[in-house]
Amino acid sequence: MTRYALLVLPAMNRVYAESSVGLTIAELGVFDQAVLGGKLTDIAETRIGGVPYVAFEADELTPKDADYLANMSAIYALFRMDGRLLDPVELRPLDKFDDDLITIQKYQGKTNEHFTKLLLNVTLLASARADEMLDRRFKVFDPLCGRGTTLNQALMYGYDAAGLDIDTKDFEAYSTFLQTWLKRKRLKHDAEITRIRREHKNIGKRLHVSVGVSKESYKAGDALDLTYINGDTAKAAEFYKSGSFDLVVADAPYGVQHGSRTQQHGLHRSPLDLVEAAAPGWTKLLKPGGALGISWNTNVARRDDVAEVLAGAGLEPVETGPYLDFQHRVDQAIVRDIVVARRP
């Protein structure tokens, strides 16, 4: 057996930093369960030179094992431990673009980008195609996409992305940001904003972007696809085709600063109203074997209630092992958790 030490990425947010080791241990457990064959043992926090690490033991990690772990949300470096010596393990993350695609946007209420990546990871790892994480172009849908952090993370992985949000200001802010960023990076792309009309009425706007990871891939017609619709998430199945997505990933409004909203029900404090109205449509958009992951504030909705709503929509909540270990404090009013569910 070989002992390894995972150096945890420093978090700028102090409160999130306090939770990052525990979240890393849970995320590592999900990776181990889903794609590493359960080969990791004795996963625990340790400190080396006063710096927090997550240590574990395993038979020698293969290069592919390391490639999976390179995409953990809080990994900074990975070492083999040889006595007091640390031998670096090469990490090759999926990242296709500069990381300022994720980090450059700053606004009140933005979800920590490390957590966004974690939520995407654990949702993907719960799907039937988890072992294809490194070489499949997954299709990711965020039905509450706001200003697009999840969409950007999907692009970073080289996945196709789609989003939906009712807030026009968020739609316009993201459209401006992404088009400006693509031009500044001189990436080959095509972007267009159009109106969506039904029965001679405007019911929303659509941003559609095609972007090449490289000039060569764009010219070859192998561009990544991103669509963002400014519309009601409770009507998601009217905007996107059934069975279109491998993953649905949503960070529900926390009910503190802005609450949850649909056109039919207006503003509510509990995200359950929103999820109950929208989950059947979200489920229709998932491919068989796909997975849905949602985070929310447990102070305004119990975990069992969220899982029950997803089960009522035809999904199978994953309520075992490390999937139960993601609850953490965001601030005095918010304690966040994750529920993941699969479509049979």
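Residue numbers run consecutively from 1 along every chain, following the written order of its sequence. Where local features are concerned, this predicted model is filtered to residues with pLDDT of at least 70; where side-chain atom pairs are given and counted, the filter is 80 or more; whole-chain, interface and lining totals use all residues. The side-chain numbers reported here are obtained from all heavy atoms of the structure, hydrogens and water having been left aside.

Draft legend 1. Expanded view of the sheet that holds strand β1 (residues 2-8). One requirement defines pairing of two strands: DSSP has to find at least two bridges between them. Secondary structure elements are taken from DSSP: a helix is a run of H or I of four residues or more, a strand is a run of E of two residues or more, and numbering for both begins at the N terminus. With respect to topology, five strands assemble into an open sheet ordered β2-β3-β1-β4-β5, the strand pairing being antiparallel. Each edge of the open sheet is held by one strand with a lone partner, namely β2 (41-48) and β5 (85-88). Mean inter-strand twist for the sheet, computed between neighbouring axes without regard to direction, equals 35 degrees. The sheet strands contacting helix α1 (residues 14-35) are β1, β2 and β3 (51-58), and the helix crosses β3 at an angle near 20 degrees. To define axes, lines are fitted to C-alpha atoms, for helices over the stretch in contact only, and angles between the resulting N-to-C directions are given on a 0 to 180 degree scale. Every residue pair with non-hydrogen atoms within 4.5 Å of one another is taken to be in contact.

Draft legend 2. Highlighting helix α10 (residues 303-312). Along α10, the positions that sit buried rather than exposed are Arg303, Val306, Ala307, Val309 and Leu310. Along the axis of α10, the buried residues cluster in a sector spanning 155 degrees; they form a single face. Away from its buried face by more than 90 degrees, α10 exposes Glu308 and Gly312. The secondary structure elements touched by the buried residues of α10 are α9 (271-285), β14 (286-297), β15 (316-317) and β17 (334-342). Of the residues one or two after α10, Gly314 is the one with positive phi, at around 100 degrees. Remark: exposure states derive from per-residue accessible area (1.4 Å probe, protein chains only) relative to the maximum for the residue type, with buried under 20%, exposed over 50%, and partly exposed in between. As used here, the arc belongs to the directions running from the helix axis to the C-beta atoms.

Draft legend 3. Representation of the environment of Arg129 within the structure. Tracing the backbone shows Arg129 in the loop between α4 (113-126) and β6 (139-142). Given a relative accessible area of 23%, Arg129 falls into the partly exposed group. Between the C-alpha atoms of Arg129 and Gly290, which are 161 residues apart in sequence, the distance is 7.8 Å. Ignoring anything within four residues of it in the chain, the contact list for Arg129 reads Arg136, Phe138, Asp246 and Pro288.

Draft legend 4. Representation of the packing of α9 against α10. Running from N to C, α9 and α10 point in directions that differ by 15 degrees, and their axes come no closer than 9 Å. Looking at the two axes, α9 sits roughly parallel to α10. For the crossing formed where α9 meets α10, the hand is right-handed. Counted together, Leu272, Val275, Glu276 and Ala279 of α9 and Asp305, Val306, Val309 and Leu310 of α10 form the full contact between these two elements. Side-chain classes follow a simple rule in which Ala, Val, Leu, Ile, Met, Phe, Trp, Tyr, Cys and Pro form the nonpolar group, Asp, Glu, Lys and Arg form the charged group, and the remainder, Gly included, forms the polar group. A per-class count over the contact of α9 with α10 returns six nonpolar, no polar and two charged. In this scheme, roughly parallel covers angles under 35 degrees and roughly antiparallel covers those over 145, while 65 to 115 is roughly perpendicular and the rest are oblique. Two helices cross in a left-handed way if the nearer one is turned anticlockwise from the farther one by less than a right angle. They cross in a right-handed way if the turn is clockwise.

Draft legend 5. Examining a positive patch on the surface more closely. Each patch is built from salt-bridge-free residues with over 30% relative accessible area, joining like charges within 9 Å and nonpolar side chains (Val, Leu, Ile, Met, Phe, Trp, Tyr) within 5 Å. Method for areas: the Shrake-Rupley scheme with a 1.4 Å probe, in which residue coverage is limited to the protein chains shown. The salt bridge definition used is simple: a Lys or Arg side-chain nitrogen within 4 Å of an Asp or Glu carboxyl oxygen. Counted charges follow a simple rule, with Lys and Arg positive, Asp and Glu negative, and His plus the chain ends left uncounted. Lysine's charge is taken at NZ, arginine's at CZ, aspartate's at CG and glutamate's at CD. A cluster of basic residues, Arg186, Lys188, Lys215 and Lys219, forms a positive patch on the protein surface. Checked against the element boundaries, Lys219 lands in helix α7 (residues 215-219). A residue is classified by how much of its surface remains accessible, and Lys219, at 68% relative accessible area, is exposed.

Draft legend 6. Quick look at the nonpolar core. Put simply, a nonpolar core is a bunch of buried Ala, Val, Leu, Ile, Met, Phe, Trp, Tyr and Cys residues held in one set by side-chain atoms that sit within 4.5 Å of each other. Among the nonpolar cores identified, the biggest contains 70 residues, and Leu69, Leu78, Phe97, Met133, Tyr159 and Leu226 are the most heavily contacted of them. Setting aside chain neighbours within four positions, we find Leu69 in contact with Leu28, Phe31, Leu36, Phe56, Leu61, Ile75 and Leu78. Counting 32 residues, the second-largest nonpolar core is a separate cluster that includes Leu164, Ala278, Leu286 and Ala313.

Draft legend 7. Summary view of the pattern of salt bridges. Under the counting rule described, the total for this entry stands at 22 salt bridges. In this structure, Glu45 engages Arg47 in a salt bridge whose closest nitrogen and oxygen atoms are separated by 3.9 Å. Taking relative accessible area as the criterion, Arg47 reaches 51% and is therefore assigned exposed. For the salt bridge of Arg80 with Asp87, the shortest nitrogen-to-oxygen distance reads 3.6 Å. Through salt bridges with shared partners, a single ionic network connects Arg129, Glu132, Arg136, Asp246 and Lys287.

Draft legend 8. View of the layout of surface pockets. Approximately 380 Å³ is the volume found for the second largest pocket. The set of elements that each furnish at least two residues to the lining of the second largest pocket consists of β4 (75-82), α3 (100-103), α4 and α5 (149-156). The biggest single contributor to the lining of the second largest pocket is α4, with three residues. For the lining of the second largest pocket, the residue count by class is nine nonpolar, four polar and four charged. Buriedness of a pocket was judged along seven lines, with at least five required to meet protein on both sides within 12 Å; pockets are open sets of points on a 1 Å grid over the protein atoms alone, cavities are sets where a 1.4 Å probe fits but cannot get out, and lining residues have an atom within 4 Å of a point. Grid points are joined across faces, edges and corners, and a volume is the space filled by probe spheres set on the points.

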